[in-house]
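Observations on the three-dimensional arrangement
The residues making up each chain are set out below.
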Amino acid sequence: MEETKMIKHIPVHQVSCCEALVQEKGKIPVAIIGAGPVGLAAAAQLILKGEPFMLFEAGDEVGANIRKWEHVRLFSPWQYNIDKAAKELLLKSNWVAPQNETIPTGKDIIEHYLKPLAALPELSQNVHLNTKVTAISRKGLSKVKTNGREKLPFVLHVEQNGSSFIYEARAVIDASGTWSNPNPLRSDGIFSEEEKALKSHISYGIPAVLGKEKNRFSGKNVLVVGSGHSAINTLLELAELQKEESRTEIVWAIRKANIEDVYGGRELDGLQARGELGTRIQKVVESGTVKVLTAFHIEKLQKQGEQIQVSGTIKDEQVVINHIDEIVGNTGSRPDLSMVREIRVLTDPSLECVYELAPLIDPNVHSCGTVRPHGEKELRQPEKDFYIVGAKSYGRAPTFLMATGYEQVRSIVAALVGDMDSAQKVELELSETGVCSLGASGTDNCCEPVQVKETSSDCCSPSKTEKAGSNSCCG
């Protein structure tokens, strides 16, 4: 007979948040899901407000998802990657702040920021690693029941080291991200059985082509699928690998009809390193190093001996790519919403993002790459005191930046402690991408009919930033 897993209900006073603080305030803690940059920023904000919290991380370390792309250099310098509340706490210790203008790698983010932050006594005692939240509900009620639900605490069902536990929380901030849930290669968004069967030949994310996975790609025929910054990073490393091993062949499949759309703002980008990615990949493509297939929609994958055959269409014509050894899927990711099935959550039907954010970030409408400042009001759910933040709040939209998440949790924590004036103030400043697509109105201004600040003549004018409260769609 199969052994039944132990189920424990953890009384409030036994939850690993600071016991004295809970008793003094008479509050149960706020639960944070995900110990990435945004989740830890939420914890820092709560500490400064004197609020008890508990933080659950499914991985075995803070920043576990970032570890998967630790070799990649970000395009934003340190000044955009450190939360203000977190910095305030760190500076009280022996932490040495990195130079604002330096651009970190993923590894730098973990080692020089997230780990020192999580090691602070105020945080370390409240962080649960190897702890996966599997479900959330109101205590004793399914999502169907309305009467009295807002007065009841949340209950979080978690799996930790093979055992199941239940924790109570007065509010929940879901910063679990989307990185672990990649989109499939097929253009219809469905994971086929064939794709699942070929998983040993497919990498999702940004593999360490010049590092620990070098042998996997060296001298191979590699297909890269996707048109975002992840794909560009992968392609640039493959191009370097090809210089060492000339037998390495690179095919790049994108769904966009125009390769120019992939290069971004280049020299017009407010973040120099982001603009340089577009410039560099343009040179690689024009050199003939990479074979590019535009407007290519994958329909079928099948095994071809020890290789893969990829079939699809270009402008309704059938196209077959033969003899592929490895595929890198850089087609984005999607949120896992299974844990919130028993609470009342409203998401956009197409992007699976927080509903109020959809008009601001919909890639079908514009591609400014940033978003109007937003906070607790836009992130508010029908389920009171439950919030989805960070990359997960953007759903399938690809334009999220860490600084956006930091402002989200600052505003939310202010609301949770009753400071609505602060919650409604937006203090975000983002650099523009230098790229605009046509808006829904079909005009040449991506931000019409929204008014822009008088200091900027164009919604995506280069090297300018729009401060909090700006109506520019480019942030």
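Residues numbered from 1 in each chain as written. Predicted model: local features only at pLDDT ≥ 70, side-chain atom pairs only at ≥ 80, totals over all residues. Heavy atoms only, no water.

1. Thoughts on the sheet that holds strand β12 (residues 290-293)
As summarised here, the arrangement of the 5 strands in space is β9-β16-β10-β11-β12, forming an open sheet in which the pairing is parallel. The open sheet terminates on both sides in strands that have one partner only, identified here as β9 (202-204) and β12. Direction aside, neighbouring strands of the sheet carry axes that sit 20° apart on average. Sheet topology places strand β10 (residues 221-225) next to strand β16 (residues 326-329); 4 bridges connect them, and they run parallel. Residue V222 lies in a different strand from β16, and its bridge partner there is E326. Lying over the sheet, helix α9 (residues 229-244) contacts β10, β11 (249-253), β12 and β16, oriented at roughly 165° with respect to β11. (Pairing = 2+ DSSP bridges. Helix = DSSP H or I, 4+ residues; strand = E, 2+ residues; numbered from the N terminus. Axes fitted to C-alpha atoms, helices over the stretch in contact; angles between N-to-C directions. Contact = heavy atoms within 4.5 Å.)

2. Considering the pattern of salt bridges
Under the definition given, this model contains 22 salt bridges. A salt bridge links K115 to E61; the nearest nitrogen and oxygen atoms lie 3.6 Å apart. With K115 in helix α5 (residues 106-119) and E61 in the loop between β3 (53-56) and α3 (64-67), this pair connects stretches of sequence that are 54 residues apart. For E61, a relative accessible area of 16% corresponds to the buried category. Among the salt bridges present, the one from R67 reaches E111, with a minimum N-O distance of 2.8 Å. Here R67 is found in helix α3, whereas its partner E111 is found in helix α5, with 44 residues between them in sequence. (Salt bridge = Lys/Arg side-chain N within 4 Å of Asp/Glu carboxyl O. Buried < 20%, exposed > 50% of the residue type's maximum accessible area, 1.4 Å probe, protein only.)

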